[in-house]
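# Close look at the chain arrangement
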Amino acid sequence: MPKLTVDGVELEVPAGATVLQACELAGKEIPRFCYHERLSIAGNCRMCLVEVKPGPPKPQASCALPATEGQEIRTDSEMVRKAREGVMEFLLINHPLDCPICDQGGECDLQDQSVAYGRGASRYDENKRAVTEKYMGPLIKTVMTRCIHCTRCVRFSEEIAGVDEIGALYRGENMQISTYLEGAAKHELSANVIDLCPVGALTSRPYAFEARPWELKKTLSIDVSDAVGANIRVDSRGREVLRILPRVNDDVNEEWLTDKGRFCVDGLTRRRLDKPWLRLDGKLQAATWAEAFAAIGKINPGSSVAVIAGDMVDCETMFAAKKLAGALGSSLLEGRQTGLAYDCTNLAAVNFNTTFAGIENADAILIVGSQVRDEAALVNVRLRKAAKKGAKVFVVGPEWETTYAATFLGDDIAVIAKLPKEVSDAFKAAERPAIIVGGAGAAKGGIEAGLAFAEKFKLVRDGWNGFNVLHFSAARMGGLMLGYAQAGGIADIVAAKPRMVIALGADEVDYTKFAGSMIVYIGHHGDKGAHAADVVLPAAAFTEKDGTYVNTEGRVQYAEKAVFAPGDAREDWTILRAMADALGVSVGFDSFDALRAAMIAEVPALGTEGLAGYGALPEAPKVVKPEGMIAYPIKDRYLTNAICRASPTMQRCSAELLHGETFAEAAE
Amino acid sequence: MADRHPEPDSPELRARWGGFAFTPEWDAKAKEQIAHYPEGRQRSAVMALLDYAQRQVGEETRTQGWLPIPVIEYVAAYLDMPVIRVLEVASFYTMYNLQPVGRFHVQVCGTTPCMLRGAEDIIMACKQRGMAKGYTSEDGLWTLTEVECMGNCASAPMVQINDDNYEDLTPDRLDAVLNALAKGETPKAGTQEPGRHTVEPSGGPTTLTAMVTENHDYRGEW
């Protein structure tokens, strides 16, 4: 714990801190470009210069200088001021003066810092360097003349993403950032370099020239494209969501966001259901709300009602539908659309118990049936961190390209019961062993086998719970907490032959099995569910309603409404409330607050933000016989839900990055 | 140097170099280089391997050699490292040629000491022979590059042609060297100044004069 002084104020900093971190602890702002908390230290922008005694009588780069006992650091001296002015002048020598046409304008580190620390005018009257544009794929727009060579993007792709896509070619003044042979960046987190870029060299291609940051309304929300529940900020103008950016939450997404979560926004305005539709003579025809509710009233299903929840619905919607079904006398609720039927009596057995932050500390990890990069890219980042710290990773399932060293144990899930010796030795020796069962594993009895595995290798020990289930759907844990699970899965619903099926944005269900039912689809996109429906009621997407989401580690999080739903679409709970009237029953709430209060009264854990806590793991079943070949459910990582499928950006990502189609670039 | 870029990736390039592999001789050398480093650190040998690859390409094309994209990829695969990291190295160091060169790669030093001693005349002499900076002459014999300091300042100006340095040049002496090379002869490398051996002071030594012919113990004179 070295003691030092910053601008005359004495303070103690943690061992291993840098001078820059010491200055921050003292409340001093240090300008920087290349330094980033989550990346390795490069020390090449020189913007963080400070004066340090003892040491050479010159300014030193604080980001790369360890804080030591007795240092006297000045951040306010004349030397520091002149050094910053000098560095800034050098950086601006080759930086174009195109702020008015630059998308980074208004949220540009270079702009802000040159205002705060620059000298106001340039003395440079030679020609500026110009750099040709580099193609980086459909998501990242490049204007490489603006690049100041901080190498954050290079370090991100190498250290966090783990794919070595981006590099710095040539040298000195001619250094250029590029992907290999200007190929598209294909990693599922590639667009995070847009946030990392301190200047306008890497900007968002779909968002190019759309808006200025000060025009946007910023709403705090939760990503629903997977079950990680990344914290996001929805930037909207008027009635349109223009972009989605990640928020910092060290427990969940650190400060990254998947490309899918970030760029599905243009799907929010396309293929939207903006008026009710009724199936008349086998064909969907536009209707009014009154006609739609009249049609629902005519169904008169009695208690023969089932509710199927989709992957992106919030807890309030599911609770409102549960109340409606309950008022009609039914408890046929299911959210696992594709037919999974694992046991949900103890939620600890279907939860990511280690937590995302905790899995970083695991030292032996067995992944059973999960293509983590597709299903939870941000968890993969954590696994990479664990592997970098020395964790041994084993995977049961078809091979996929891991971003860390991993051993594949074959496609057959039966291998869990008779592990190769090296694997069992690794788990016996491990101090913090963990298992992660994915959806494909759960489909083949992976959860029961995993519980047996957890007992055998004592995955639950003092301060450590190594049993994890990695879900893919954002609604899953919330749905399970609200009872959206039948013992036999969706097969039970099919067997019950309900007269009316209420589908809450459920687009992955095989509706051919419900041929005898009236299907009322409440959702926001004209996707597979709406195609099969008899009554389509237009509802709100996740940006258009307040909602509670529970991520796969059982973390309760709240999202806020950013914009209004388009056209005649309404928030889901109001539709369900009106349906109750049409069906002549009472659900017991008339406002969103009353609904939420009723939900919290029934499931108190949904009332507090943070980990819900499901208690101890159940005992493993006595006889476990996992068998079958694992097959990952996600065939196309960019088109996994209705919003993505409607999004031109995601369609192009799918076509170009996964299926190798080429697109001609329009000249600017 | 600003114009440096890899030869564009094309089907012809792939067809010509896609099957590149080290010959047994170069392969043995490459293995030896890798053995210099601990296991798992084989990437450290990347610079040597790029050089070997370039030399092997040179043997095949009878030039100094260069690094086509497929060859860079071969080296990356050989060392089990991301190809972008290899390209970074190959593009950083100017001694790796990213584009084909002629039979003789004439690298004229234009840095200050050479410039003061007449490098501009040397470049002009090259241009008069039909060379142009960054281009290979039509007969495929010459490629002219202006480079930065080669460390021969004491015998400036100098050119480096393939693996040899030619120093103390004048336009006439350069012509003599280039004519000899064109004829297939091997001119004397090093200084072209008559009577000079290496980089000793021209006009004879000015210090340690007693050491010229025999060993001399200066210690008593200190």
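Figured I'd write up the structure that's included with this text. What you see is a predicted model; the values in this text were computed from it and never measured. (Residues numbered from 1 in each chain as written. Chains lettered and ligands numbered in written order. Predicted model: local features only at pLDDT ≥ 70, side-chain atom pairs only at ≥ 80, totals over all residues.)

This part covers the interface of chain B and chain A. Counting residues at the interface gives twelve residues for chain B, matched by ten residues for chain A. Here the side of chain B that touches chain A is composed, by residue class, of seven nonpolar, one polar and four charged. (Contact = placed C-beta atoms within 7 Å. Nonpolar A, V, L, I, M, F, W, Y, C, P; charged D, E, K, R; others polar.)

So, on to the packing of helix H7 (residues 119-128) of chain B against helix H8 (residues 171-182) of chain B. Residues and elements named next belong to chain B. Interhelical geometry of H7 versus H8 gives an angle of 45° and a closest axis separation of 9 Å. One way to sum up the angle between H7 and H8 is to call them oblique. The handedness of the crossing between H7 and H8 comes out as right-handed. Residues Asp121, Ile122 and Ala125 of H7 touch H8, and the partners they reach there are Pro171, Leu174 and Asp175. For the contact of H7 with H8, the per-class residue count stands at four nonpolar, no polar and two charged. (Axes fitted to C-alpha atoms, helices over the stretch in contact; angles between N-to-C directions. Helix = DSSP H or I, 4+ residues; strand = E, 2+ residues; numbered from the N terminus. Parallel < 35°, antiparallel > 145°, perpendicular 65-115°, else oblique. Left-handed = near helix turned anticlockwise from the far one by under 90°.)

Of note, the bond from A:Lys53 into A:Pro54 is cis; its omega dihedral lies within 30 degrees of zero at 0°. Looking at where A:Pro54 falls in the secondary structure, it is placed in the loop between strand S3 (49-53) and strand S4 (60-61). Cis geometry is adopted by the peptide bond preceding B:Pro157, which originates at B:Ala156 and carries an omega value of -10°. Structurally, the position occupied by B:Pro157 is in the loop between strand S2 (142-147) and strand S3 (159-161). Notably, A:Phe209 is not glycine yet its phi reads approximately 60°, a positive angle. Tracing the backbone through its elements, the reader meets A:Phe209 in the loop between strand S9 (202-204) and strand S10 (217-222).

Turning next to the sheet that holds strand S28 (residues 555-559) of chain A. All names here are of chain A. Taken in spatial order, the three strands make up an open sheet running S27-S28-S29, and their pairing is antiparallel. Of all the strands in the sheet, just strand S27 (547-550) and strand S29 (610-611) have a single pairing partner and so form its edges. Across four bridges, the pairing between S27 and S28 is antiparallel. What sits directly across from Tyr549, in S28, is Gln557. (Pairing = 2+ DSSP bridges.)

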